[in-house]
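Coordinate inspection notes
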Protein chains: 2
Amino acid sequence: MESKIFQEFLSRRGLKLTKERMSVLRQIFSIHGHFDPEHLYLSIRDSDMKASRASVYRTLNLLVESGLVERITRSDKGNVYEHTYGHRHHDHMICTACGEVIEFFSEHLEDLQKMICEQHQFAGTTHTLEIRGNCKACQKRKK
Amino acid sequence: MESKIFQEFLSRRGLKLTKERMSVLRQIFSIHGHFDPEHLYLSIRDSDMKASRASVYRTLNLLVESGLVERITRSDKGNVYEHTYGHRHHDHMICTACGEVIEFFSEHLEDLQKMICEQHQFAGTTHTLEIRGNCKACQKRKK
DNA sequence: TTAGGTGCAAATCCTTTGCAGCTCC
DNA sequence: GGAGCTGCAAAGGATTTGCACCTAA
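Residues numbered from 1 in each chain as written. Chains lettered and ligands numbered in written order. Predicted model: local features only at pLDDT ≥ 70, side-chain atom pairs only at ≥ 80, totals over all residues. Heavy atoms only, no water.

**As for the pairing of strand β3 (residues 78-83) of chain A**
Residues and elements named next belong to chain A. Counted only if it meets this: When DSSP finds two or more bridges between two strands, those strands count as paired. The way it works is that DSSP assigns letters per residue, a run of H or I at least four long becomes a helix, a run of E at least two long becomes a strand, and they are numbered from the N terminus.
Here strand β1 (residues 34-35) pairs with β3 via 2 bridges, running antiparallel. Residue pairing in the sheet places Phe35 in a bridge with Tyr81 of β3. The pairing of strand β2 (residues 69-75) with β3 spans 6 bridges and is classified as antiparallel. Residue pairing for β3: Glu70 is matched across the bridge by Glu82. Once β2 ends, the chain turns through 2 residues before running back antiparallel as β3.

**A few points about the interface of chain B and chain A**
Note the following rule: Should any heavy atoms of two residues lie within 4.5 Å, those residues are counted as being in contact. As used here, buried area is the combined drop in accessible area, with a 1.4 Å probe, of two parts when they are placed together. A pairing counts as a salt bridge when a side-chain nitrogen of Lys or Arg comes within 4 Å of a carboxyl oxygen of Asp or Glu. Definition of a polar contact: a pair of N or O atoms within 3.5 Å, with one able to donate and the other able to accept a hydrogen when the atoms are protein atoms, and with sequence-neighbouring residues admitted only if both atoms are side-chain atoms.
Contact residues are listed per partner, giving 34 residues for chain B and 34 residues for chain A. Both sides of the chain B and chain A interface together cover about 3000 Å² of buried area, and 61% of this is carbon and sulfur. The largest share of the area that chain B buries against chain A comes from B:Arg74, B:Phe122 and B:Arg132, three residues that together contribute 22% of it. Along the contact surface separating chain B from chain A lie 0 salt bridges. At the boundary of chain B and chain A, one finds 13 residue pairs in polar contact (both at pLDDT 80 or more).

**Section: the nonpolar core**
Rules: The nonpolar core is taken to be a set of buried Ala, Val, Leu, Ile, Met, Phe, Trp, Tyr and Cys residues, with the residues joined through side-chain atoms within 4.5 Å. Buried residues are those whose accessible area, probed at 1.4 Å on protein chains only, stays under 20% of the maximum for their type, while exposed residues exceed 50% and partly exposed ones sit between those limits.
Judged by nonpolar contacts, the single largest core of 26 residues is most densely connected at A:Met93, A:Phe122, B:Met93 and B:Phe122. Elements with a minimum of two residues in this core: β4 (91-95), β5 (101-104), α5 (107-119) and β6 (123-134) of chain A together with β3 (91-95), β4 (101-104), α5 (107-119) and β5 (123-134) of chain B. Not counting residues up to four positions away in its chain, the partners in contact with B:Phe122 are A:Met93, A:Ile94, A:Cys95, A:Ile102, A:Ile131, A:Arg132, A:Gly133, A:Asn134, A:Cys135, A:Gln139 and B:Cys117.

Following this line, the structure appears as structure tokens:
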């Protein structure tokens, strides 16, 4: 399914669906969580597929443009992505102690943001809400 | 006031309040909005104060740790900061066309986040909400 | 006095690019 | 056939660091 969407996205722009791009796409959609370019590259390299680091980066940018993948954070160590297709939009809580990422979604939160955008006559297209703090486990550990 | 707070922060860590650090601090608090390291460095250089690029970066990191300054975004072109002292917490809308940054605050939004944290038994300490899209002016321009 | 700071230039790190040969449509 | 790809290695750009010389406390 994802590949069909990507396919369409590419041909709309006169681009080609190559083996390498397929490898990147497949690998991403076989990962269930978040990933960074380097790990993605390594996991492709360790599989039976192939794609150079350059292609991984290039494809990742295309996937973000196509809307199939989202860049969720830019940290010191580079960008973190996740695939979007088949996922409802959601936000993240990030534990600063153990790095755990908790996903959550709130309809109410979405509505509120829409209202705020209207008030400011801002045409919002995407948003990122990141709540940092400590997860349940780390709170206990600190006591 | 800020300098007193910074002073205390530094001595608590056995660090010194140097001319260069003061220059960075002063310059930041004379800017009312957002800034990036390079512009900060240039504006210091053009004033009667001084500090090398290295000191600007080093001081910026200290200021973030002290809580006087916040890193609000990491973009392709580097980080963007703003000073926090004397500012109420707020979030940002960022125009992807012209780069304009609009600040907003919603008590309701804050409360909602608190509730969500409680639901997940997550101890939130800070958050960043970034809404991307187009500002009023850019919406017109596109028509 | 002396731990800590400074500027400079070199080093890092992630990401992008130029190029020559390859391949999808 | 040819526009668009690929991998490689080199280039980029923001930020950090090693070092020899300063300076706040």
